[in-house]
Amino acid sequence: MALKLYDLAAEREEVRFSPHCWRVRMALAHKALEVECVPWRFTEKGAIAFSGQDKVPVLVDGDSAIADSWAIANHLEDAYPDRPPLFAGPAGRGEALFVKNWCERVVQPAIAGMIVADIHNILTADDQAYFRTSREQRFGRALEEVSADRESKLPEFHKAIEPLRVTVAANPFIGGQAPLFSDYIVFSAFQWARLCSAFELLNAEDPVHAWRDRMLGLFDGLGAKAPSAAA
Ligand SMILES: N[C@@H](CCC(=O)N[C@@H](CS)C(=O)NCC(=O)O)C(=O)O
(Lines give C-alpha, C1' and ligand atoms only; values in the text may rest on other atoms or scores of the structure.)
Protein backbone atom coordinates (compact mmCIF):
# COMPACT_ATOMS: atom_id res chain seq x y z
CA MET A 1 0.00 0.00 0.00
CA ALA A 2 1.37 3.42 -0.94
CA LEU A 3 2.45 5.68 1.88
CA LYS A 4 0.34 8.76 2.54
CA LEU A 5 1.75 12.15 3.54
CA TYR A 6 -0.35 15.05 4.81
CA ASP A 7 1.37 18.00 3.17
CA LEU A 8 0.78 21.72 3.78
CA ALA A 9 -0.84 23.45 0.78
CA ALA A 10 -1.25 27.08 -0.22
CA GLU A 11 -4.49 28.50 -1.63
CA ARG A 12 -3.30 27.03 -4.93
CA GLU A 13 -3.45 23.39 -3.90
CA GLU A 14 -0.45 22.38 -6.00
CA VAL A 15 1.84 24.75 -4.08
CA ARG A 16 3.33 22.68 -1.24
CA PHE A 17 5.67 24.89 0.73
CA SER A 18 6.22 23.47 4.23
CA PRO A 19 9.90 23.10 5.15
CA HIS A 20 9.11 20.19 7.47
CA CYS A 21 7.08 18.40 4.78
CA TRP A 22 9.79 18.96 2.16
CA ARG A 23 12.31 17.12 4.34
CA VAL A 24 10.03 14.13 4.26
CA ARG A 25 9.32 14.38 0.52
CA MET A 26 13.08 14.35 -0.13
CA ALA A 27 13.65 11.49 2.33
CA LEU A 28 10.94 9.40 0.65
CA ALA A 29 12.46 10.07 -2.79
CA HIS A 30 15.90 9.14 -1.40
CA LYS A 31 14.48 5.79 -0.31
CA ALA A 32 12.62 5.47 -3.63
CA LEU A 33 9.32 5.07 -1.79
CA GLU A 34 6.12 6.09 -3.51
CA VAL A 35 3.88 8.44 -1.62
CA GLU A 36 0.46 9.95 -2.02
CA CYS A 37 0.67 13.59 -0.89
CA VAL A 38 -2.63 14.76 0.61
CA PRO A 39 -3.09 18.54 0.60
CA TRP A 40 -3.72 19.93 4.08
CA ARG A 41 -4.28 23.45 5.34
CA PHE A 42 -3.49 25.05 8.71
CA THR A 43 -7.17 25.21 9.65
CA GLU A 44 -7.93 21.57 8.81
CA LYS A 45 -6.91 20.29 12.24
CA GLY A 46 -9.68 17.66 12.22
CA ALA A 47 -8.19 15.88 9.21
CA ILE A 48 -5.01 14.97 11.12
CA ALA A 49 -6.53 14.56 14.60
CA PHE A 50 -6.00 10.78 14.21
CA SER A 51 -2.25 11.46 14.60
CA GLY A 52 -2.77 12.81 18.13
CA GLN A 53 -1.36 16.28 17.36
CA ASP A 54 -2.07 19.23 15.07
CA LYS A 55 0.89 19.76 12.72
CA VAL A 56 2.14 18.34 9.45
CA PRO A 57 3.97 16.36 8.23
CA VAL A 58 1.98 13.27 9.18
CA LEU A 59 2.98 10.05 7.45
CA VAL A 60 0.60 7.10 7.28
CA ASP A 61 2.49 3.86 6.73
CA GLY A 62 0.17 0.85 6.92
CA ASP A 63 -1.39 0.90 10.38
CA SER A 64 1.04 3.51 11.74
CA ALA A 65 0.56 7.28 11.74
CA ILE A 66 3.80 9.12 12.41
CA ALA A 67 3.94 12.87 13.08
CA ASP A 68 7.04 15.07 13.17
CA SER A 69 9.62 15.15 10.39
CA TRP A 70 12.45 13.86 12.58
CA ALA A 71 10.35 10.94 13.85
CA ILE A 72 9.31 10.20 10.25
CA ALA A 73 12.93 10.15 9.02
CA ASN A 74 13.85 7.79 11.84
CA HIS A 75 10.86 5.58 11.02
CA LEU A 76 11.84 5.42 7.34
CA GLU A 77 15.43 4.57 8.21
CA ASP A 78 14.40 1.79 10.62
CA ALA A 79 11.45 0.41 8.64
CA TYR A 80 13.25 0.40 5.26
CA PRO A 81 16.84 -0.62 6.08
CA ASP A 82 17.38 -2.19 2.65
CA ARG A 83 16.83 1.13 0.90
CA PRO A 84 19.54 3.82 0.62
CA PRO A 85 20.38 5.12 4.11
CA LEU A 86 19.33 8.62 5.21
CA PHE A 87 21.96 8.75 7.93
CA ALA A 88 25.61 7.74 7.95
CA GLY A 89 25.05 5.08 10.63
CA PRO A 90 24.21 5.71 14.30
CA ALA A 91 26.84 8.44 14.73
CA GLY A 92 25.58 10.11 11.57
CA ARG A 93 22.06 10.03 12.97
CA GLY A 94 23.34 11.85 16.05
CA GLU A 95 25.09 14.46 13.90
CA ALA A 96 21.98 14.95 11.78
CA LEU A 97 20.13 15.91 14.96
CA PHE A 98 22.59 18.76 15.39
CA VAL A 99 21.93 19.90 11.82
CA LYS A 100 18.17 19.76 12.46
CA ASN A 101 18.51 21.84 15.62
CA TRP A 102 20.83 24.37 13.94
CA CYS A 103 18.42 24.67 11.03
CA GLU A 104 15.37 25.10 13.27
CA ARG A 105 17.01 27.50 15.74
CA VAL A 106 19.13 29.59 13.37
CA VAL A 107 18.29 29.18 9.68
CA GLN A 108 14.49 28.90 9.72
CA PRO A 109 13.82 31.79 12.14
CA ALA A 110 16.10 34.04 10.08
CA ILE A 111 14.27 33.09 6.87
CA ALA A 112 10.86 33.48 8.54
CA GLY A 113 11.80 37.02 9.52
CA MET A 114 12.21 37.86 5.84
CA ILE A 115 9.29 35.97 4.22
CA VAL A 116 6.52 35.70 6.80
CA ALA A 117 4.28 38.30 5.09
CA ASP A 118 4.74 36.49 1.75
CA ILE A 119 3.68 33.19 3.35
CA HIS A 120 0.50 34.84 4.60
CA ASN A 121 -0.33 36.12 1.13
CA ILE A 122 -0.33 32.69 -0.54
CA LEU A 123 -2.79 31.04 1.89
CA THR A 124 -6.55 30.51 1.70
CA ALA A 125 -8.67 33.18 3.43
CA ASP A 126 -9.30 30.92 6.45
CA ASP A 127 -5.63 30.06 6.75
CA GLN A 128 -4.64 33.74 6.38
CA ALA A 129 -6.74 34.67 9.42
CA TYR A 130 -5.29 31.79 11.47
CA PHE A 131 -1.73 32.44 10.34
CA ARG A 132 -1.89 36.17 11.01
CA THR A 133 -3.26 35.72 14.54
CA SER A 134 -0.94 32.88 15.55
CA ARG A 135 2.23 34.34 13.99
CA GLU A 136 1.61 37.93 15.12
CA GLN A 137 1.26 36.53 18.63
CA ARG A 138 4.59 34.75 18.18
CA PHE A 139 6.44 37.75 16.73
CA GLY A 140 4.68 40.37 18.85
CA ARG A 141 4.00 42.65 15.86
CA ALA A 142 2.32 42.83 12.45
CA LEU A 143 3.63 40.37 9.84
CA GLU A 144 4.34 43.22 7.44
CA GLU A 145 6.48 44.92 10.09
CA VAL A 146 8.42 41.71 10.70
CA SER A 147 9.53 41.37 7.09
CA ALA A 148 9.83 45.11 6.33
CA ASP A 149 13.34 46.24 5.37
CA ARG A 150 14.37 42.63 4.75
CA GLU A 151 17.32 43.53 2.51
CA SER A 152 19.01 44.88 5.63
CA LYS A 153 18.73 41.41 7.24
CA LEU A 154 20.64 39.64 4.48
CA PRO A 155 24.21 40.37 5.64
CA GLU A 156 23.49 38.87 9.06
CA PHE A 157 21.78 35.87 7.43
CA HIS A 158 24.73 35.29 5.10
CA LYS A 159 27.05 35.37 8.11
CA ALA A 160 24.86 32.91 10.02
CA ILE A 161 25.05 30.33 7.21
CA GLU A 162 28.85 30.48 6.96
CA PRO A 163 29.16 26.93 8.45
CA LEU A 164 26.98 25.65 5.60
CA ARG A 165 28.91 27.69 3.04
CA VAL A 166 32.34 26.33 3.96
CA THR A 167 30.93 22.79 4.20
CA VAL A 168 29.38 22.75 0.72
CA ALA A 169 32.41 24.53 -0.73
CA ALA A 170 34.56 21.62 0.54
CA ASN A 171 32.18 18.80 -0.45
CA PRO A 172 29.24 18.69 -2.87
CA PHE A 173 26.83 17.87 -0.05
CA ILE A 174 26.60 18.11 3.75
CA GLY A 175 26.64 14.31 3.60
CA GLY A 176 29.93 14.42 1.69
CA GLN A 177 29.91 13.07 -1.88
CA ALA A 178 26.17 12.29 -1.80
CA PRO A 179 23.19 13.85 -0.03
CA LEU A 180 21.85 12.59 3.30
CA PHE A 181 18.95 13.64 5.51
CA SER A 182 21.02 16.58 6.83
CA ASP A 183 21.02 18.01 3.30
CA TYR A 184 17.25 17.58 3.05
CA ILE A 185 16.71 19.36 6.36
CA VAL A 186 18.62 22.48 5.35
CA PHE A 187 17.57 22.42 1.70
CA SER A 188 13.93 22.38 2.77
CA ALA A 189 14.32 25.71 4.56
CA PHE A 190 15.55 27.26 1.29
CA GLN A 191 12.85 25.47 -0.69
CA TRP A 192 10.21 26.93 1.65
CA ALA A 193 11.51 30.43 0.89
CA ARG A 194 11.70 29.94 -2.87
CA LEU A 195 8.18 28.51 -3.15
CA CYS A 196 6.56 31.25 -1.03
CA SER A 197 8.52 34.33 -1.90
CA ALA A 198 10.23 36.08 -4.81
CA PHE A 199 12.77 37.51 -2.36
CA GLU A 200 16.16 35.95 -3.22
CA LEU A 201 18.12 34.89 -0.17
CA LEU A 202 21.36 33.93 -1.90
CA ASN A 203 23.86 35.65 -4.17
CA ALA A 204 24.56 33.78 -7.41
CA GLU A 205 28.26 33.34 -6.54
CA ASP A 206 27.56 31.92 -3.07
CA PRO A 207 28.59 28.21 -2.80
CA VAL A 208 25.28 27.73 -0.96
CA HIS A 209 23.49 28.82 -4.15
CA ALA A 210 25.34 26.12 -6.13
CA TRP A 211 24.51 23.54 -3.45
CA ARG A 212 20.84 24.57 -3.54
CA ASP A 213 20.93 24.07 -7.33
CA ARG A 214 22.40 20.59 -6.85
CA MET A 215 19.63 19.82 -4.36
CA LEU A 216 16.94 21.15 -6.72
CA GLY A 217 18.14 18.77 -9.42
CA LEU A 218 17.98 15.58 -7.30
CA PHE A 219 15.39 12.88 -8.02
CA ASP A 220 14.72 14.09 -11.54
CA GLY A 221 14.27 17.67 -10.39
CA LEU A 222 11.70 17.00 -7.65
CA GLY A 223 12.50 20.31 -5.96
CA ALA A 224 13.00 22.30 -9.15
CA LYS A 225 9.71 21.15 -10.68
CA ALA A 226 7.61 21.93 -7.60
CA PRO A 227 4.93 24.53 -8.36
CA SER A 228 5.80 27.88 -6.81
CA ALA A 229 3.57 30.67 -5.55
CA ALA A 230 6.38 33.14 -6.09
CA ALA A 231 6.53 33.20 -9.89
N1 LIG B 1 8.65 19.63 14.67
C2 LIG B 1 7.71 19.49 13.65
C3 LIG B 1 7.23 20.87 13.23
C4 LIG B 1 6.09 20.76 12.29
C5 LIG B 1 5.48 22.11 11.96
O6 LIG B 1 5.74 23.13 12.61
N7 LIG B 1 4.64 22.08 10.93
C8 LIG B 1 3.93 23.27 10.52
C9 LIG B 1 3.97 23.39 9.00
S10 LIG B 1 5.61 23.68 8.43
C11 LIG B 1 2.48 23.12 10.95
O12 LIG B 1 1.86 22.12 10.65
N13 LIG B 1 1.94 24.11 11.63
C14 LIG B 1 0.58 24.07 12.06
C15 LIG B 1 0.22 25.27 12.86
O16 LIG B 1 1.03 26.20 12.98
O17 LIG B 1 -0.89 25.29 13.35
C18 LIG B 1 8.31 18.71 12.49
O19 LIG B 1 9.52 18.80 12.27
O20 LIG B 1 7.58 17.99 11.84
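None of these values were measured; they are calculated from a predicted model.

### What about the overall build of the protein?
Here's step 1: Of the regular secondary structure elements, the protein holds nine helices and four strands.
Here's step 2: Ordered by position in the sequence, the α and β elements of the protein form the string β-α-β-β-β-α-α-α-α-α-α-α-α.
Here's step 3: Expected size for 231 residues packed as a compact globule is a radius of gyration near 17 Å; at 17 Å, the protein falls within 12% of this value.
Here's step 4: In terms of overall dimensions, the protein has a C-alpha envelope of 50 × 45 × 30 Å along the principal axes.

### As for the nonpolar core
Soluble globular proteins tend to bury their nonpolar side chains together.
Here's step 1: Residues Phe17, Ala27, Ile111, Phe181, Val186, Trp192 and Cys196 are the most contacted members of the largest nonpolar core, which totals 60 residues.
Here's step 2: Among the elements of the structure, β1 (3–8), α1 (19–30), β3 (58–61), α2 (69–79), α3 (89–121), α7 (162–170), α8 (181–196) and α9 (207–221) are those that each provide at least two residues to this core.
Here's step 3: It is α8 that contributes the most residues to this core, 11 residues altogether.
Here's step 4: Viewed by domain, this core spans two of them, domain 1 (3–79) and domain 2 (89–220), each represented by three or more residues.

### Considerations on the domain arrangement of the protein
Here's step 1: As far as domains go, the protein holds domain 1 (3–79) and domain 2 (89–220).
Here's step 2: With centres defined by C-alpha atoms, the gap from domain 1 to domain 2 works out at 19 Å.
Here's step 3: The partner domain 2 presents 20 residues to the 16 residues of domain 1 that form the contact.
Here's step 4: Those elements that provide at least two residues to the side of domain 1 that touches domain 2 are α1 and α2.
Here's step 5: In terms of residue count, the dominant contributor to the side of domain 1 that touches domain 2 is α1 (six residues).

### Things to note about unusual backbone geometry
Here's step 1: The omega torsion of the bond from valine 56 to proline 57 falls at 10°, within 30 degrees of zero and hence cis.
Here's step 2: Secondary-structure assignment places proline 57 in the loop between β2 (35–40) and β3.
Here's step 3: Positioned with a positive phi, alanine 32 is a non-glycine residue whose angle comes to about 55°.
Here's step 4: Structurally, the position occupied by alanine 32 is in the loop between α1 and β2.
Here's step 5: Overall, alanine 32 belongs to the exposed group, with 10 C-beta atoms counted inside 10 Å.

### A look at the packing of α3 against helix α4 (residues 125–139)
Here's step 1: It is the contact of α3 with α4, at a shortest axis distance of 9 Å, that shows an interaxial angle of 155°. Between α3 and α4, the angle falls in the class roughly antiparallel. Across the interface between the two elements, Val116, Ile119 and His120 of α3 pack against Gln128, Phe131, Arg132 and Arg135 of α4.
Here's step 2: Residues belonging to the contact of α3 with α4 are distributed by class as follows: three nonpolar, two polar and two charged.

Cut-offs and rules
Residues numbered from 1 in each chain as written. Predicted model: local features only at pLDDT ≥ 70, side-chain atom pairs only at ≥ 80, totals over all residues. Helix = DSSP H or I, 4+ residues; strand = E, 2+ residues; numbered from the N terminus. Rg over C-alpha atoms; globule rule 2.2 N^0.38 Å. Core = buried A, V, L, I, M, F, W, Y, C linked by C-beta atoms within 7 Å. Buried ≥ 20, exposed ≤ 12 C-beta atoms within 10 Å, placed from the backbone. Domains from an automatic or database assignment. Contact = placed C-beta atoms within 7 Å. Axes fitted to C-alpha atoms, helices over the stretch in contact; angles between N-to-C directions. Parallel < 35°, antiparallel > 145°, perpendicular 65-115°, else oblique. Nonpolar A, V, L, I, M, F, W, Y, C, P; charged D, E, K, R; others polar.

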